[in-house]
Each structure stands twice: as C-alpha cells, then as structure tokens.
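# Descriptive analysis of the structure
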Amino acid sequence: MADGSLRWWDREVGYEVYIRSFADGDGDGVGDFPGLTEKLDYLAWLGVGIVWITPFYPSPMCDFGYDVADYTGVDPLFGTLDDFDDCIAQAHQLGLRVLIDLVPNHSSDRHPWFQASRSDPDSPKRGYYHWRDPAVGGGPPNNWVSHFGGSAWTFDEASQQYYLHLFLPEQPDLNWSNPNLVREFDDVLAFWLDREVDGFRIDVAHGLVKNMLMPDNPQRFATAPGMSPRQVFGCYEHRYDLDQSGNASIYRRWRAIAERYDALLLGEVYLRENNPDRVSRYVSAQDGLHRAFYFAPMHTPWEPSAMWSTFRDALDAAPRDLSWAISSHDDPRAPSRLGGGEMGQSRSLAYSVMLFALPGLPFLYQGDELGLEDVDVPLDQRRDPVAIRNQNPADGRDGCRTPMPWSPGPAAGFTDGAESWLPAAREDGETVSVQRGEQGSILHKYRKLLALRRERHDLHAEGLEWLTGRTSSVIGFRRGDTVCALNAGDVPAEFQLPPGQWRLAFSSRRPAGAAITSAIVLDAPEGVLLIRVPDADSGLRRPPGARL
Ligand code: GLC
C-alpha cells in the first residue's frame, strides 16, 4: 500500500477513556471533562493518537451513560458543552484526535422520543421504537432475551403493548427501519462533527436493525436457574435480533457523512461467536465502517493453538480493518484474566507487543499502560446494574471500572472530594506518578512500545508474512523490515529469524539493543520486536523504515 493511501488513524494507537473514572475535576467523585482536559498532556506524553471518550450525554445513568436522554448535550455531571469544546480544542492542540461514543441501538426511556412514544400510541414517535402486542395467549411477543437479564420485552399497562429492549428496560431499542429515526441520527452525527470530533465509536454496531417479523430465536442450549445473563444470552442463536444485513445500509449512509469530515467510524461489533467472517462484513466494503473491534483477544485463553486460530482467522477475514484491545470497560482487565499478579501483567504486555504490530488499529483501555488488575469491589459498593439487578455479582463490570490511579493517596489522585463513585484506592506502585518516575516501569515500557509503533512505517503498511506455524508456541510474523514474535507457551522457545542481521528493538522482558542473527530464545511469556539491520556489504542499504 502506498503511503498516500494511509488514513490518519492508520499510524495511531487509540486509548479508551471511561470518563466517569478518568479524572474528577470538580470533587464530586465522578470523572468529568475538566478532569479529562487536565490529563490530556499525559496521554500525549504516553504517545497515544486517538482518545475514545465513553458517553457523556444527559442520562439518568441507569447504565452509566449508555442510556442517552439527549444525543446532543452534555450531562451536568460531566460539565457543559463549553467544557466539551475546550476538551476537543485542547486535544487537537496536543495532536490528539477524539472519538465520541455514539449509542444508536437504544435511547434512555427518559428520552423525549420515548416519552412521546409511550404516552401516545398515535404519536409520530411511536414508530421510533419497537412496540408489539402480547403473544397469542399472552406474554412477551417472542423469546428474545436481554443482555442484562430476563426477557427483552417490557409490558406497558397504558397501551397494553410490549416494547423491546436488548439491554435494560430503561434502554428501549430504537427502530432503525423507521426512516424518520434514520434522519434524526444524520443530524446527531453532523452536530458533533461540526463540533470538531474526529469520529465515533459506535455502540452495539451489530444490533441496530432487527428482523421486523420478530420470529423466535433458535435456542441452542437449555437455560438453567442460576445462569448469569451472559450465559442465558449465549444459549440462543441471535438469528433475528443481531447482525442483520440491513445494518450495512445505515453504515453506508454514515460513511458518506463521515467522509465529508475525514472522520473515523469504529464499530463495537460484539458477536459472541467471535466469527471473523461476520465481523469483517462490517468493514470490508469500501462504504461500510472503517474499523470494527474484534473482541476475540478478550475471550481467547492464553494458549498458543487457540491464539493462533484467533489471529490467523481474523486476519484472513479482515486483513487490515480490525481493532484490537486487551481490556475494556465491559470485561475483566487483561492482567486479571491472564493469570493475575506478575504473570498476568507479563502476559498482557507481551500480548500488547503483538497487537501493536498486527495490521489494524490497537486500543488501550485506561490503566492498561499501568498493568492494572481488576479491583475486587465489595458487594455493598457495586454499582453496575448487571450485578445489582441480577443479584449475580460475578457478572458485574465494576471491577474494571474503578478510578484511574494518578498518584499515591487515599483516592489515588482521582478526586479531591470525600468519596469516589467506585473505590479508588490502589497501591502506590500502580499510580501514574510513581511509574512515571521509574524508568523500568510498565508505563515506560508501554510508552516505548507506542513510540516504536509510530516510528516503524512497516507497521502502518499493508501485509504480513507469518514466520511460524499453527503448531508453534511462538506466534511470529514479519512486516517489511520489522519482525514480531510472541511466546505464548509455558516454557522458553527458540524462534528462527529470517536471514540477515537483526536488532532487538523491544522486549516485554529484557533490555533492548542486542544484535541477533538467526535465532532468539524467547522467555515464557515474552513479546519482542526486531528490526532488520541494513546489510552494509550487499548494497541493499535502505533508509530506516523502508519496506522490502
Ligand atoms: C455496549 C457498552 C456497554 C453498554 C452496552 C449497552 O456493549 O460497551 O458498556 O452497557 O453497550 O449500551
């Protein structure tokens, strides 16, 4: 691929800011725009290029902002529209791009559209949502279940009909088969693009369109009492509620809008089966989304053959259009998931080395760069409705959402206020200020990795050559003059390098700099980046970063 065809995001690493937990500027215990704006220089120092900010719109906060009551405002909890503008301006001044989180699958039940829709069956807004009569003989219209537990339908006494919600009852699903609703969102996109945002992370991007006949979903496994909502959801094949082909026409429309602003459309395509062919359909068309998160890295066990299948299949299906992340605000943090303690942290960093070198757009979740593990939030301090409403704390997401630790102290520098919305305390060594002061810290390693990824033009170009096979515990590949290898096995393993002289540019385990020919023995776990040293005698000397 010629450099000319690179888009601005192709060189960048993204960073997810869960705004409630990033930095509190006004001492009320909840993160906000003034807090975030103050910390942008940290993100620039770290070397990320794109900041994704989770929802900040006016909201009753039943799902902490993913229940939007006004798509073109800022909730006072997070500041004002002026604070938002300041944040974007400051980010741009620092060379950072900003994505905001668009939540089009559902609104809040407090959104004026839903209020009108609910209060009057003849309202023009009735058709913005999915209303259906009870099934013959009574009960919900079909067997669809909510991600967050129970039926996906709630009965409305006044109109004697049910409305659909694939998440909480306070998050009614919007009807994307309604052309007026479609037009409303054109305006929402334009509103924020005119305020200079650089693109959108699209929530539940695979869910917008529903099969309007609303047939029952086939059931794959029997449900059992005591199953978590996630497990119950997984017992069904989501043939009619998710991943409908009609989604493509919405993204075609949005792509045309986005292109006018050179903006990025990044979808959350969270298909439980992690089927790369299905995810790739969202990004492979030239008129679809630019990038889609592929969530397999968050669900694949640390086991070489599982990892091999995950990455080879994904890159076969979508060679350059996926987005990678090891953690998010919805799943346990990588170090906790990958064994905990030092082992979990080592694996997470090694994993990041590989994800940063693969084609696609990698993202960090706030605190990944510090090696943070989940916090075990005491039951009486849990806030996530998934935990609280189902009396099933194991399924909640609070552990990965606790505040970002900035500096030693009772609230880890997150807030000056008395209390933070989730417990903020952390060990001193987990904080930004302590790790910034220690050259060997996880934070400095990530910073180095980010700098290398930006410098190495090989890693922004198309193409990848696998250097090891599916039976190897080392996942190794070459992109131009850069080689990446990850030992995902339990014991050290030798990795054969292509011919030539190589320099160890980064290792998750040892200092960089060594010259290496033919092979390197990788620790378990270890992720490395090696750069080819131009051969002085062959006359094939290339400028650094030039491709083969
Ligand atoms: C997405 C968000 C998650 C939210 C859900 C409903 O999966 O990442 O946090 O609860 O959508 O909006």
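Here we summarise the structure given alongside this text. Computed from a predicted structure; not experimentally measured.

Rules used in this analysis
Residues numbered from 1 in each chain as written. Predicted model: local features only at pLDDT ≥ 70, side-chain atom pairs only at ≥ 80, totals over all residues. Heavy atoms only, no water. Helix = DSSP H or I, 4+ residues; strand = E, 2+ residues; numbered from the N terminus. Rg over C-alpha atoms; globule rule 2.2 N^0.38 Å. Buried < 20%, exposed > 50% of the residue type's maximum accessible area, 1.4 Å probe, protein only. Contact = heavy atoms within 4.5 Å. Areas by Shrake-Rupley, 256 points an atom, 1.4 Å probe, with all protein chains shown as cover. Lys, Arg positive; Asp, Glu negative; His and termini not counted. Charge placed at Lys NZ, Arg CZ, Asp CG, Glu CD. Pairing = 2+ DSSP bridges. Axes fitted to C-alpha atoms, helices over the stretch in contact; angles between N-to-C directions. Parallel < 35°, antiparallel > 145°, perpendicular 65-115°, else oblique. Nonpolar A, V, L, I, M, F, W, Y, C, P; charged D, E, K, R; others polar. Phe/Tyr/Trp six-rings, centres within 6.5 Å; stacked < 30°, edge-to-face > 60°. Lys NZ or Arg CZ within 6 Å of the ring centre and 35° of its normal. 1 Å grid on protein atoms, 1.4 Å probe; cavity = no way out; pocket = protein on both sides within 12 Å on 5 of 7 lines; lining within 4 Å. Points joined across faces, edges and corners; volume = space filled by probe spheres on them. Near = heavy atom within 4 Å. Polar contact = N/O pair within 3.5 Å; in protein donor to acceptor, adjacent residues only side chain to side chain. Sits in = over half its atoms within 2 Å of the grid points. Salt bridge = Lys/Arg side-chain N within 4 Å of Asp/Glu carboxyl O. Expected span 1.5 Å × (residues − 1).

## Quick word on the overall build of the protein chain
- What the protein chain contains, in helices and strands, is 14 helices and 17 strands.
- For 548 residues, the compact-globule formula gives about 24 Å, and the C-alpha radius of gyration of the protein chain, at 24 Å, lands near that figure.
- Principal-axis analysis of the C-alpha atoms gives the protein chain an extent of 85 × 50 × 50 Å.
- Within the span of the protein chain, comprising 548 residues, buried residues form 59% of the whole.
- Excluding contacts between residues fewer than 6 apart, the proportion of contacts in the protein chain whose partners are at least 24 apart in sequence is 69%.
- As displayed, the protein chain has an accessible area near 20500 Å², and 49% of this comes from carbon and sulfur atoms.
- With 53 positive and 77 negative side-chain charges, the protein chain shows a spacing of 6 Å between the two charge centroids.

## Remarks on the sheet that holds strand 9 (residues 291-293)
- Spatial strand order, 1-2-3-7-8-9-10-11: eight strands in a closed barrel with parallel pairing. Averaged over all neighbouring strand pairs, the angle between strand axes comes to 25°, with direction disregarded.
- Sheet topology places strand 10 (residues 322-325) next to strand 11 (residues 361-365); three bridges connect them, and they run parallel. What sits directly across from Ser323, in strand 11, is Leu361.
- Across the sheet, helix 4 (residues 179-194) is in contact with strand 3 (97-102) and strand 7 (199-202); its angle to strand 3 comes to roughly 155°.

## Notes on the sheet that holds strand 6 (residues 161-164)
- Sheet architecture is open: three strands sit in the order 4-6-5, paired in antiparallel fashion. Each of the sheet's edge strands pairs with one partner strand only, and the pair in question is strand 4 (131-132) and strand 5 (153-156).
- Where strand 4 and strand 6 come together, two bridges link them in antiparallel fashion. Along strand 6, the bridge assignment pairs Arg132 with Tyr162.

## As for the packing of helix 1 (residues 33-46) against helix 2 (residues 81-93)
- Contact geometry for helix 1 and helix 2: axes closest at 9 Å, N-to-C directions at 10°. As far as their axial angle goes, helix 2 and helix 1 are roughly parallel. Here helix 1 contributes Phe33, Pro34, Leu36, Thr37 and Leu40 to the contact with helix 2, which in turn contributes Asp83, Phe84, Asp86, Cys87, Gln90 and Ala91.
- Grouping the amino acids of the contact of helix 1 with helix 2 by side-chain chemistry returns seven nonpolar, two polar and two charged.

## Details of the packing of aromatic side chains
- Under the criterion given, the structure shown has 41 aromatic pairs.
- When the ring of Phe56 is compared with that of Tyr57, the centres are 4.5 Å apart and the planes differ by 40°; the resulting orientation is tilted.
- Taking relative accessible area as the criterion, Phe56 reaches 0% and is therefore assigned buried.
- Aromatic side chains Phe155 and Tyr162 sit 5.0 Å apart centroid to centroid with 55° between the ring planes, which places their arrangement in the tilted category.
- Using a relative accessible area of 29% as the deciding quantity, one classes Phe155 as partly exposed.
- Tyr162 sits in the buried class, given a relative accessible area of 11%.
- A cation over a ring is seen here: Arg97 above Trp8, with NZ or CZ 4.3 Å from the ring centre.
- Across the ring face of Trp45, the terminal group of Arg436 is positioned such that the distance to the ring centre comes to 4.0 Å.

## Comments concerning empty space enclosed by the protein
- Enumeration according to the criterion identifies three cavities of 30 Å³ or more in this entry.
- Roughly 90 Å³ of internal volume is contained in the largest cavity.
- In terms of lining, the largest cavity is formed by 12 residues, of which the most central are Asp10, Pro359, Gly360, His460 and Ala461.
- The class makeup of the residues in the lining of the largest cavity is four nonpolar, two polar and six charged.

## Here we look at the site of the ligand
- Around the ligand, a shell composed of 14 residues is seen, among which Asp63, His106, Asp203, Glu268 and Asp330 lie nearest.
- Asp330 has a polar side-chain atom sitting 2.4 Å from an oxygen atom of the ligand.
- Surface burial for the ligand is 96%, taken as the share of its 310 Å² of free accessible area covered by protein chains.
- Comparing atom positions with the cavity grids shows the ligand to sit within the largest pocket.

## Some remarks on the pattern of salt bridges
- Evaluated as defined, the whole model comprises 33 salt bridges.
- For Asp313, the salt bridge is made with Arg470, and the minimal N-O distance between the two is 3.4 Å. A residue pair is termed long-range when its members are at least 10 positions apart, and Asp313 in helix 9 (residues 304-317) and Arg470 in the loop between strand 12 (465-466) and strand 13 (474-479) qualify at 157 residues.
- With relative accessibility at 40%, the residue Arg470 sits in the partly exposed group.
- Note that Asp481 is salt-bridged to Arg478, the shortest N-O span being 4.0 Å.
- Linked by salt bridges that have partners in common, Asp63, Asp330, Asp384, Arg397 and Arg401 make up one network.

## Details of helix 11 (residues 341-357)
- Taking 1.5 Å of rise per residue, the 17 residues of helix 11 would be expected to cover 24 Å, and the 25 Å separating its terminal C-alpha atoms lies within 8% of that figure.
- Taking burial as the measure, the 17 residues of helix 11 include 13 buried ones, the bulk of the element.

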